[in-house]
Every structure is written in structure tokens, then in C-alpha cells.
Amino acid sequence: MSSLYIHIPFCHHKCIYCDFYSIAKHSPEKMLDSYVDCLIEEIKQRKDFIDSSLTTIYIGGGTPSLLSISQLERLFKEIHHNFDTKDISEITMETNPEDLNEDYLKAIRDLGINRLSIGVQSFNDNDLKMLNRCHSSRQAKQAITNALNVGINNISIDLMYNLPMMNIDSWKNNLDVFLTFSLPHISCYSLTVEQNTMIYKLIEQNKMILPEEKEMLDEFDLTMEVLKDNNYIHYETSSYCKKEFQSKHNYNYWTFGKYLGLGAAAHSYDGQQRCWNENDIDKYINNINNNYLNNNNKELLTNQEKYEEYVMLSSRLMQGLNEEEVRIKFPEYFNHFKKNMLSLKEEGYFDENYCLTTKGWHLQNEIALNLML
Ligand SMILES: C[S@@+](CC[C@H](N)C(=O)[O-])C[C@H]1O[C@@H](n2cnc3c(N)ncnc32)[C@H](O)[C@@H]1O
Ligand code: SF4
């Protein structure tokens, strides 16, 4: 299984919490045009990094829905020309609600995009204003309706909890609105505050106050409960889906599949080596134009790093960790794994199948650290 990721690092403007690599542009058409030229050039230079037969594509950002239809057409033409695309089952695009009118949606559907991840964040207008989002709750609902109207049914939305001013009731209201659309997938993220974001400064200056940790854990528990009651499968820490609607692309990342990442700040993995492009658009463009990609940043993972990634990623998944897999792939760490797993199980963090319990989900990172070396 090989996946292709394409990063579009432009946004209408910067949201106060966002630490993803993207720059805010008021009219980015020209820049996007030359950026797409570079992506096309990068496909030519790096297509041999993974098997030519692709199974999933993910266009993420930033805000990929800033791309015009002709820019997307150019990109897809090049992808079909350079890769074997007949076995692709999922092409996802991250989109912002304000961009999703029916004409745009029909055109991207006709290009083969069959899954949308819509950045709703909240159905509450006060939250959206506070986060400096460009859309309203009404626009978010309209965007979902438009997508369904044009026949794109494989839709995921992103919602965030643990927001300043949010409480368990307003979070429950968000989940209730989501449920009215009967969508097959949702990602629910607890707000994290990264140092170089506006929200970090506002919190430091006491202009914003984060909810207590207990409130965040209550919101997490409520999410699990409400979505489970409505037949969603909690298949990864933040991701819930109806049967057979898990994100195939993300699942490939979480289970160490191979992927090629194109664009500024994009990461790639060929099973052994991880490499990443500059997280600076000008440097990225310069690298591509000078055919410098062979010099991009790379690292060979040591076995210890592979084991620790396995522990970190697998503990986030519904199926949990697999003793046999650890024994076969990481024999040198097997005793350490067994010993620590035994005490974590005794303390009630893992169940018999090495899956996190509710108590375990609450301390997930600490627990994964416990299994590391
Ligand atoms: C790559 S981002 C952006 C996608 C799209 N541009 C948007 O904002 O709607 C994917 C998702 O990560 C989540 N996210 C971004 N920053 C976050 C943060 N600091 N804490 C928690 N979730 C965050 C948001 O839900 C966002 O939709
Ligand atoms: S959250 Fe999305 S729209 Fe907002 S700045 Fe980050 S990538 Fe852009």
C-alpha cells in the first residue's frame, strides 16, 4: 500500500490556535500557481520514492480548498501521468467550510475526490469568532449540506473541545448537531496550546482561560459515550467512524505504511527512511528549482525508534498493541515490553487484549512513555 500526501500551506488567515505550517494570504492565486508548478516538478523528481501503485491520496493543509479547479486539474493530470492510480480507493481533501459551494464541490468530485474532511471546529458562533475562523455555524452546516447534495457522502468533520468558554453542555450540543447529519466520520480534537501561537500569548496574558483538565477529560468521555451510543467506532484516539469508514490514508500512517509527501513541510517514509521538506515555502521552491531534493532532510530510523513509534502509534488505535508483533519485530525489547505491560495491565490501564481502558485513554501519552525505553 502506498499513499501520496500533498501539503498546501496557504490559508485565508491564521487561526489563533494553529501550529500547522501555513501562511495567511489574502489573494494567493499567483503564489498558488507557482506552488502547484513546484508540486508538479516534485512529482517528477521523487515519484520513485514509493511503489508506483497508489491506494490513497490526501490533500492537506493549510487550506487545500484555496486551490482553484484548474490548479487541481493540473495536479491530478500529473499524478495520473506518473503513478498507477487504478487501485486508488480514497482521495481525501481537507476543506474549509467557507469554500464549499456546490459548483466547487461538483468540480472536485469530478476530479475523483471522494472524501472530504471539513474543518468545522465548532457549531457555536462564539467559539468560531474566538478561534478567528472565517466561517459561521450556518456556513458549516450549509457546506455539509452542499457536499451531500452533490453526492459526496464520505465526509468527516473536525470538531475541537477543551476550548476556552466551552463547557460540557456546549460540547454536547456540538456532538448533537453533528449527529443530525448522519455523517460516517468525525475527528474530535482536544485543543492543544503550542508556544508560537496567538492563543498561547492570550493565555499567558490571562486574556483567555483554558478549562480545567477534569473538564477536558469529561468532554473526552462524553464524546466516546455519545458516539458509541450512535454506532460510531472509536478506532483511534481522536477518530470515530461508521463501519468501514475509517480513514484509509491515516490508517496507513498509523500502521507504518509507505507514503510520499509533497510540498513544503511534507514528510515521507519508505519503510526505512523518513525524510521531510523544508517548512518554508521559499526554501522549498528554491530546492525544487535547483533539483536539490536529494539533499533534503532525512533520517534512518534505528530499531529503538521504530519500537517507540510502534508503541506510541499503536496505543492510539482501537486494536491496541500486539504481543506477537513486538516479539517478532522487536525481540531485543520484548522483555521490557512484557514487564511494563504487565504492571500497566495490573493498574487497569490496558485490558486483556492490550487495548487502552477508559482509565488508560486519559493518560495515553504517559502510558506509552512507560513502555518506551
Ligand atoms: C491540518 S488542520 C487544518 C484543516 C483546515 N485548514 C481547517 O482548519 O479547517 C486539521 C485539524 O487539526 C485540528 N487542529 C489544528 N490545530 C489544533 C490545535 N492546536 N489543537 C487541537 N486541534 C487542532 C483542527 O480541528 C483542524 O481542522
Ligand atoms: S486551522 Fe486550518 S485554516 Fe486555520 S490556520 Fe490552521 S490550517 Fe489554516
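Residues numbered from 1 in each chain as written. Chains lettered and ligands numbered in written order. Predicted model: local features only at pLDDT ≥ 70, side-chain atom pairs only at ≥ 80, totals over all residues. Heavy atoms only, no water.

**Concerning the pairing of strand β8 (residues 185-190)**
In the sheet, strand β7 (residues 155-161) pairs with β8 via six bridges, with the strands oriented parallel. Its bridge partner lying in β8, Ile157 is registered against Ile186. Between the parallel elements β7 and β8, the chain passes through helix α6 (residues 168-180) in a crossover that is right-handed. In the sheet, β8 pairs with strand β10 (residues 239-241) via three bridges, with the strands oriented antiparallel. Counted as the bridge partner of His185 is Cys241 from β10. (Pairing = 2+ DSSP bridges. Helix = DSSP H or I, 4+ residues; strand = E, 2+ residues; numbered from the N terminus. Right-handed = clockwise from strand over helix to strand, strands pointing away.)

**Examining the site of ligand 1**
Around ligand 1, a shell composed of 16 residues is seen, among which Gly62, Gln121, Arg133, Asp158 and Thr192 lie nearest. In the environment of ligand 1, an oxygen atom lies 2.7 Å from a nitrogen or oxygen atom belonging to the side chain of Gln121. Expressed as a share of its isolated accessible area of 560 Å², the protein-covered part of ligand 1 is 91%. Secondary structure elements with two or more residues in the shell around ligand 1: β6 (115-121), β7 and β8. For the shell around ligand 1, the residue count by class is five nonpolar, eight polar and three charged. (Near = heavy atom within 4 Å. Polar contact = N/O pair within 3.5 Å; in protein donor to acceptor, adjacent residues only side chain to side chain. Areas by Shrake-Rupley, 256 points an atom, 1.4 Å probe, with all protein chains shown as cover. Nonpolar A, V, L, I, M, F, W, Y, C, P; charged D, E, K, R; others polar.)

**Focus on the site of ligand 2**
Around ligand 2, the neighbouring residues are Cys11, His13, Lys14, Cys15, Tyr17, Cys18, Ser22, Gly62, Thr63, Asn96 and Arg133. Residue composition of the shell around ligand 2, by class: four nonpolar, five polar and two charged.

**Quick look at the packing of helix α1 (residues 29-46) against helix α10 (residues 281-289)**
Two numbers describe how α1 lies on α10: the axes approach to 10 Å, and their chain directions differ by 45°. Comparing the axis directions of α1 and α10 gives the class oblique. Relative to α10, α1 is oriented so that their crossing is left-handed. For the pair α1 and α10, the contacting residues are Met31, Tyr35, Cys38, Leu39, Glu41, Glu42 and Gln45 in the first and Ile281, Tyr284, Ile285, Ile288 and Asn289 in the second. (Axes fitted to C-alpha atoms, helices over the stretch in contact; angles between N-to-C directions. Parallel < 35°, antiparallel > 145°, perpendicular 65-115°, else oblique. Left-handed = near helix turned anticlockwise from the far one by under 90°. Contact = heavy atoms within 4.5 Å.)

**Here we look at empty space enclosed by the protein**
In this approach the atoms are scanned with a rolling probe the size of a water molecule, which exposes any empty space left behind. Applying the stated criterion across every chain yields a total of one cavity of 30 Å³ or more. One number sums up the size of the largest cavity: a volume of about 50 Å³. What lines the largest cavity is simply Cys11, His12, His13, Cys15, Thr63, Asn96, Glu98, Arg133 and Cys134. Grouping the constituent residues of the lining of the largest cavity by class yields three nonpolar, four polar and two charged. (1 Å grid on protein atoms, 1.4 Å probe; cavity = no way out; pocket = protein on both sides within 12 Å on 5 of 7 lines; lining within 4 Å. Points joined across faces, edges and corners; volume = space filled by probe spheres on them.)

**A closer look at the side chain of Arg274**
Of note, Arg274 is situated in strand β13 (residues 273-276). Of note is the side chain of Arg274, whose polar atom sits 2.8 Å from the side chain of Glu309. Residues within four places of Arg274 in sequence aside, it is in contact with Tyr259, Ser268, Tyr269, Asn297, Lys298, Glu299, Leu301 and Glu309.

**Things to note about the packing of α1 against helix α2 (residues 69-82)**
A pair of packed helices can be characterised by two numbers: the angle between their axes and the separation between those axes. Their axes nearest at 10 Å, the elements α1 and α2 cross at an angle of 0°. As judged from the angle between their axes, α1 and α2 are roughly parallel. Counted together, Glu29, Leu32, Asp33, Val36, Asp37, Leu39, Ile40, Ile43 and Lys44 of α1 and Gln71, Arg74, Leu75, Glu78, Ile79 and Asn82 of α2 form the full contact between these two elements.

**Considering the domain arrangement of the protein**
Looking at the protein, the domain boundaries give domain 1 (2-253) and domain 2 (303-371). Using C-alpha coordinates to define each centre, domain 1 is positioned 29 Å away from domain 2. Each partner contributes to the interface: domain 1 provides twelve residues, whereas domain 2 provides nine residues. Summed over both sides, the interface of domain 1 with domain 2 buries roughly 930 Å², with 57% coming from carbon and sulfur. If you look at where domain 1 meets domain 2, you find one salt bridge. Residues Glu236 and Arg316 are paired through a salt bridge, measuring 2.9 Å at the closest nitrogen-oxygen approach. Linking domain 1 with domain 2 are six residue pairs in polar contact (both at pLDDT 80 or more), by the criterion used here. For the side of domain 1 that touches domain 2, the elements supplying multiple residues, two or more each, are α8 (213-229), β9 (233-236) and α9 (248-254). For the side of domain 1 that touches domain 2, the residue count by class is seven nonpolar, three polar and two charged. (Domains from an automatic or database assignment. Buried area = accessible area lost by both parts, 1.4 Å probe. Salt bridge = Lys/Arg side-chain N within 4 Å of Asp/Glu carboxyl O.)

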